[in-house]
Amino acid sequence: MSIKNQIMLITYADCMGKNLKELSEILGTYFEGTIGGIHILPFFPSSADRGFAPMTYKKVDPQFGNWDDIKKLSESYYLMFDFMINHISKHSEYFRDFAARKENSPYRDLFLRCKNFWHDGEPSQKDIDLIYKRKPRAPFVDVHFADGTTEQVWCTFDEEQIDLDVRTETTKDFIKENLVNLASHGAAIIRLDAFAYAVKKRGTNCFFVEPEIYNLMDYCKDVLHEQNADILPEIHEHYTMQLKLAEKGYRVYDFALPMLLLNAVYSGNGKNLVNWLKICPRKQFTTLDTHDGIGIVDVKDLMSQEDIDRTVDAMFTKGANVKRIYNTAAYNNLDIYQINCTYYSALGNNDDAYLLSRAVQFFAPGIPQVYYVGLLAGKNDIELLEKTKTGRNINRHYYTKEEIAEEVKRPVLHKLYTLMKFRNTCPAFNGSVHIEDTGKDNLIYITWENGDTKASLHADLHTCLFDIFHTENGVEIKLDLGI
């Protein structure tokens, strides 16, 4: 099924019910009309990082189901799958063969070997200091081969995730084979995870290396063209990188929106938010929440450092059950660029603030994505966080079928689902958007027009109240959210 301009759910295979079958059942029972697509987070056999250390893309992890379950979902929703273009699991057949056979392995060129990358076989401290890193260590790991020798390979993230050498024909064939396979199983769009890290080049910071990064994107796009599938690069960094990709016609993420909206709601001032909505890419997916934390780095220069600091502080003071320690090594989190929290709890578990934020997201340029915890206006899961001592698990609650049956009765969710159904069906959103100058920093007015249809949002950041108006048969009607 092709991409639709309808809200996309982001979910793990086992977080709305125990598996893909239960996910399908739950969506059909409680969420008819609220979503048009699903980003199913990695559902392949994996050795770490909640699925992001895939051992193979050829199988569905049996604990989640099988390809028939994926196919059934693809008959009702357009689907997005992940492809970790930067790395593969240390326990994959590819890396295990390389470790066992070294130069005799057909996969020896799949991995980025330091001896083949640096002039003298290993980097200088200057080289290491230049590399863009999110972890406080050099991005390499020792490989102990079966013949007793040891060699360093690139390893940007966890030691379970071994980097691929995207320069070689071996890796290009690997990419092509797996992209085609994923498309054949129903992917309308494939997310290229950790994309900006994939290209490494001596003398650079090895992050979003231009122009080579565009060559890699073009290769992936060309591979999928005949499969009628698209790509979506995942990049958390300065907003200008998204603008560069958008200028070349690629779909991008709006990862700046979550912090800008929090800043606007906390302060009652939407000036930074409105400025971004005017210049942000139109061919994009918008997010407020994802399986990771709320990104901070994405709003650099869209907000002053003072505004950023105030917004981060407000997450801990105005948010619900958000503590600074959850974003430290004590909770296995060394990524200083994200705050671990559900979006609902970041807003103090306040229904009005949450609905206002979703209304702005749904009217913002792009196709909205809603994370499964956000779909249920979920609070921080402190129990899971403390049980696992993993910071990101605060936003990764496992919902049973029984829990969902009770949660959807909440008035805030009735209103949210009315909003979502309106966003999915109103033809105005297939037209053009206008961000109005209200003259008041607390007011945000956004209007979509498509022929003789129109949809307008009038939001007040001071009160967290809003109205939506739309034309129907030439008559303007105020949307009734019910309850």
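Our structure's up above, just so we're on the same page.
Residues numbered from 1 in each chain as written. Predicted model: local features only at pLDDT ≥ 70, side-chain atom pairs only at ≥ 80, totals over all residues. Heavy atoms only, no water.

Visitor: Before we go on, may I ask you to explain unusual backbone geometry in this structure?
Guide: Trans peptide bonds make up most of the peptide bonds, and negative phi angles are found at most residues other than glycine. Of the consecutive residues Glu210 and Pro211, the connecting peptide bond is found in the cis state with omega at 0 degrees. Along the chain, Pro211 turns up in the loop between strand E8 (187–193) and helix H7 (212–225). Even without being glycine, Arg50 reaches a positive phi, approximately 50 degrees. Of note, the phi angle at Asn228 is positive, near 55 degrees, even though the residue is not glycine. Mapped onto the elements of the fold, Asn228 is located in the loop between H7 and strand E9 (230–233). (Helix = DSSP H or I, 4+ residues; strand = E, 2+ residues; numbered from the N terminus.)

Visitor: Help me understand the packing of aromatic side chains in this model?
Guide: Ring pairs (aromatic) are described by centroid distance and by the angle formed between their planes. Counted according to the given criterion, the structure contains 33 aromatic pairs. Arranged with centres 5.1 Å apart and planes meeting at 85 degrees, the rings of Tyr94 and Tyr107 form a pair that is edge-to-face. On the criterion of sequence distance, the pair formed by Tyr94 in helix H3 (residues 93–101) and Tyr107 in the loop between H3 and helix H4 (114–117) is long-range, its members being 13 residues apart. For Tyr94, a relative accessible area of 6% puts it in the buried group. (Phe/Tyr/Trp six-rings, centres within 6.5 Å; stacked < 30°, edge-to-face > 60°. Buried < 20%, exposed > 50% of the residue type's maximum accessible area, 1.4 Å probe, protein only.)

Visitor: Can you help me understand the environment of Tyr326 in this one?
Guide: Looking at where Tyr326 falls in the secondary structure, it is placed in the loop between helix H11 (305–317) and strand E13 (338–339). Expressed as a C-alpha distance, the spacing of Tyr326 and Tyr77, which sit 249 residues apart in the sequence, is 35 Å.

Visitor: I tried to follow the packing of helix H9 (residues 257–267) against H11 on my own but got confused; where do I start?
Guide: When two helices pack together, their arrangement is given by the angle between the helix axes and the distance between those axes. Orientation of H9 relative to H11, taken along the N-to-C sense of each, is 80 degrees, at an axis distance of 10 Å. The pairing of H9 with H11 is recorded here as roughly perpendicular in orientation. Contacts between H9 and H11 involve Met259, Leu262, Asn263 and Tyr266 on the former and, on the latter, Asp307, Ile308, Thr311, Val312, Ala314 and Met315. For the contact of H9 with H11, the residue count by class is seven nonpolar, two polar and one charged. (Axes fitted to C-alpha atoms, helices over the stretch in contact; angles between N-to-C directions. Parallel < 35°, antiparallel > 145°, perpendicular 65-115°, else oblique. Contact = heavy atoms within 4.5 Å. Nonpolar A, V, L, I, M, F, W, Y, C, P; charged D, E, K, R; others polar.)

Visitor: What exactly am I supposed to notice about the pattern of salt bridges here?
Guide: Applying the stated criterion across every chain yields a total of 25 salt bridges. With a closest N to O distance of 3.1 Å, Lys409 and Glu406 form a salt bridge. Given a relative accessible area of 53%, Lys409 falls into the exposed group. The salt bridge partner of Glu407 is Arg410, with a shortest N-O separation of 2.8 Å. When salt bridges with common partners are traced through the structure, they connect Asp82, Arg191 and Asp193 into a single cluster. (Salt bridge = Lys/Arg side-chain N within 4 Å of Asp/Glu carboxyl O.)

Visitor: I'm lost on the side chain of Asp61 in this one. Help?
Guide: Relative to the elements of secondary structure, Asp61 occurs in the loop between strand E2 (37–40) and helix H2 (67–74). Comment: no salt bridge for buried Asp61; closest opposite-charge side chain is Arg50, at 8.6 Å. Among all residues touching Asp61, those that are not within four sequence positions of it are Phe43, Phe44 and Pro45. (Lys, Arg positive; Asp, Glu negative; His and termini not counted.)

Visitor: Could you clarify how one ought to interpret the packing of helix H13 (residues 351–363) against helix H17 (residues 411–425) in this entry?
Guide: Taken N-terminus to C-terminus, the directions of H13 and H17 make an angle of 10 degrees; their axes are 10 Å apart at the nearest point. Our classification of the angle between H13 and H17 gives roughly parallel. Counting all contacts with H13, which are made through Asp351, Tyr354, Leu355, Arg358, Ala359, Phe362 and Phe363, the residues of H17 involved are Val412, Lys415, Leu416, Leu419, Met420, Phe422 and Arg423. Here the contact of H13 with H17 is composed, by residue class, of 10 nonpolar, no polar and four charged.

Visitor: How do you make sense of the side chain of Asp97 when you look at a structure like this?
Guide: Tracing the backbone through its elements, the reader meets Asp97 in helix H3. Judged by its relative accessible area of 18%, Asp97 falls in the buried class. Asp97 has contacts with Lys102, Ser105, Pro106 and Tyr107, leaving out every residue within four places of it along the chain.

Visitor: Quick question: what am I supposed to make of the environment of Ser357 here?
Guide: Position of Ser357 relative to the elements: it lies in helix H13. Residue classification places Ser357 among the buried residues on the basis of a relative accessible area of 0%. Between the C-alpha atoms of Ser357 and Thr388, which are 31 residues apart in sequence, the distance is 30 Å. Residues contacting Ser357, with those up to four places away along its chain left out, are Leu261, Val265, Leu288, Tyr343 and Leu347. One polar contact links the side chain of Ser357 to the main-chain carbonyl oxygen of Ala353, over a distance of 2.9 Å. (Polar contact = N/O pair within 3.5 Å; in protein donor to acceptor, adjacent residues only side chain to side chain.)

Visitor: I'm lost on the sheet that holds strand E16 (residues 443–450) in this one. Help?
Guide: What links the strands of a sheet is backbone hydrogen bonding, and the strands pair in either a parallel or an antiparallel sense. The strand order E15-E16-E17-E18-E19 describes an open sheet built from five strands, whose pairing is antiparallel. This sheet does not close on itself; its edge strands, each paired only once, are strand E15 (432–435) and strand E19 (475–478). Within this sheet the neighbouring strands show an average axis-to-axis angle of 15 degrees, counted without direction. In this structure, E15 lies alongside E16, joined through four bridges in antiparallel fashion. From the neighbouring strand, Ser432 faces E16, where its bridge partner is Glu449. Seen against the sheet, H13 touches E15, E16, strand E17 (453–460) and strand E18 (465–472) and runs at an angle of roughly 145 degrees to E17. (Pairing = 2+ DSSP bridges.)

Visitor: Which parts of the structure should I look at to understand H11?
Guide: The α-helix advances 3.6 residues per turn, and as a result positions three or four apart in sequence lie on the same side. Over its 13 residues, H11 extends 18 Å from the first C-alpha to the last, a length consistent with the 18 Å expected when each residue adds 1.5 Å. Here the buried face of H11 lies against H9, helix H10 (271–279), strand E12 (294–295), E13 and helix H12 (343–346). (Expected span 1.5 Å × (residues − 1).)

Visitor: I keep staring at helix H1 (residues 20–30) and nothing clicks. Help me out?
Guide: Among the residues of H1, Leu20, Glu22, Leu23, Ser24, Ile26 and Leu27 are the ones counted as buried. Contacts from the buried residues of H1 go to strand E1 (8–11), E2, H2 and helix H16 (401–407). Sitting at the amino-terminal end of H1 is Asn19, which places a side-chain oxygen 3.2 Å from the backbone nitrogen of Lys21.

Visitor: Which parts of the structure should I look at to understand empty space enclosed by the protein?
Guide: Empty space among the atoms becomes visible once a probe the size of a water molecule is rolled across them. Counting across every chain of the model gives five cavities of 30 Å³ or more. By volume, the largest cavity amounts to about 90 Å³. The residue inventory of the lining of the largest cavity, partitioned by class, reads four nonpolar, five polar and three charged. In this structure, the second largest cavity encloses a volume near 60 Å³. What lines the second largest cavity is His236, Phe255, Pro258, Thr287, Leu288, Asp289, Thr290, Gly293, Ile294 and Gly295. (1 Å grid on protein atoms, 1.4 Å probe; cavity = no way out; pocket = protein on both sides within 12 Å on 5 of 7 lines; lining within 4 Å. Points joined across faces, edges and corners; volume = space filled by probe spheres on them.)

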